[in-house]
Amino acid sequence: MGSNSATCPVVNLKRWLDAASISIGALFREITWNERVTDRRMSDRAVSRIVKRYATGCGLDGKNFGGHSLRSGFVTQAASNGVPEHSIQEQTGHKSTMMLRRYIRRGALWIDNPAAHVGL
């Protein structure tokens with residue numbers, strides 16, 4: 001459970017399941033132009049379009065974002081917040097620490113760099 005109900009994934013998943021009347025099948029589904037939730041699974045392209053739209057709405061260049069940005073952003077932020085790699089790996093299902101580390105963006109590598117602790 002998250003510390004804020006507005007952003008807690010568990011709370012919001014339950015809200016979505018209730019609002020969309022989902023009890024079986026895909027969690028993330030297509031929504032028609034008249035806002036009807038279908039039984040069809042949402043495509044990866046639809047996820048990418050949504051991420052791009054919201055990134056643009058936040059003043060960012062939507063061309064630099066996609067569905068995979070959610071996964072790499074989660075890993076990068078968790079690492080920046082000091083979450084142990086094994087915990088991140090359990091959450092994301094990465095098979096190896098080496099692959100997990102490829103997800104941690106370069107900026108996160110400087111957060112707790114050892115050089116900062118030796119007087120440099």
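For the structure itself, consult the block above.
Keep in mind the model is a prediction, meaning the values are calculated, not measured.

Calculation rules
Residues numbered from 1 in each chain as written. Predicted model: local features only at pLDDT ≥ 70, side-chain atom pairs only at ≥ 80, totals over all residues. Heavy atoms only, no water. Helix = DSSP H or I, 4+ residues; strand = E, 2+ residues; numbered from the N terminus. Buried < 20%, exposed > 50% of the residue type's maximum accessible area, 1.4 Å probe, protein only. Arc of directions from axis to C-beta. 1 Å grid on protein atoms, 1.4 Å probe; cavity = no way out; pocket = protein on both sides within 12 Å on 5 of 7 lines; lining within 4 Å. Points joined across faces, edges and corners; volume = space filled by probe spheres on them. Nonpolar A, V, L, I, M, F, W, Y, C, P; charged D, E, K, R; others polar. Salt bridge = Lys/Arg side-chain N within 4 Å of Asp/Glu carboxyl O. Contact = heavy atoms within 4.5 Å. Polar contact = N/O pair within 3.5 Å; in protein donor to acceptor, adjacent residues only side chain to side chain.

Asker: Hey, could you go over unusual backbone geometry for me, with residue numbers and the actual values?
Answerer: At Ser21, a residue that is not glycine, the phi angle is positive and equals roughly 55°. Locating Ser21 in the fold gives a position in the loop between α1 (9–19) and β1 (29–31). Positive phi, close to 65°, is recorded for Glu35, a residue that is not glycine. Tracing the backbone shows Glu35 in the loop between β1 and β2 (37–41).

Asker: Now, about helix α4 (residues 85–92): what can you tell me, with residues and values included?
Answerer: Buried within α4 are the following residues: Ile88, Gln89 and Thr92. Along the axis of α4, the buried positions cluster into a sector of 100°, meaning they face one direction only. Of the exposed residues in α4, those oriented more than 90 degrees away from the buried face are His86, Glu90 and Gln91. With its phi angle positive at about 80°, Gly93 sits one or two positions after the end of α4.

Asker: Now, about the layout of surface pockets: what can you tell me, with residues and values included?
Answerer: Volume-wise, the largest pocket comes out at about 840 Å³. Of all the secondary-structure elements, those providing two or more residues to the lining of the largest pocket are α1, β1, α2 (44–57) and α3 (67–80). Per element, the largest residue contribution to the lining of the largest pocket is five residues, and it comes from α2. Among the residues making up the lining of the largest pocket, the classes are represented as 13 nonpolar, two polar and three charged.

Asker: Any chance you could break down the pattern of salt bridges for me, citing the residues and the numbers?
Answerer: Inspection of the entire model under this criterion finds three salt bridges. Arg29 is the partner of Asp39 in a salt bridge, and the nearest nitrogen-oxygen pair spans 3.3 Å. With Asp39 in strand β2 and Arg29 in strand β1, this pair connects stretches of sequence that are ten residues apart. Residue classification places Asp39 among the exposed positions, given a relative accessible area of 68%.

Asker: So, the environment of Arg15: which residues are in play, and what are the values?
Answerer: The residue Arg15 is located in helix α1 in this model. Taking C-alpha positions, Arg15 is 23 Å from Ala55, a pair spaced 40 residues apart along the chain. Apart from residues no more than four positions distant in its own chain, Arg15 is found in contact with Ser5 and Ala6. At a separation of 3.3 Å, a polar atom in the side chain of Arg15 contacts the side chain of Asn12.

The values are spatial; any link to function lies outside them.
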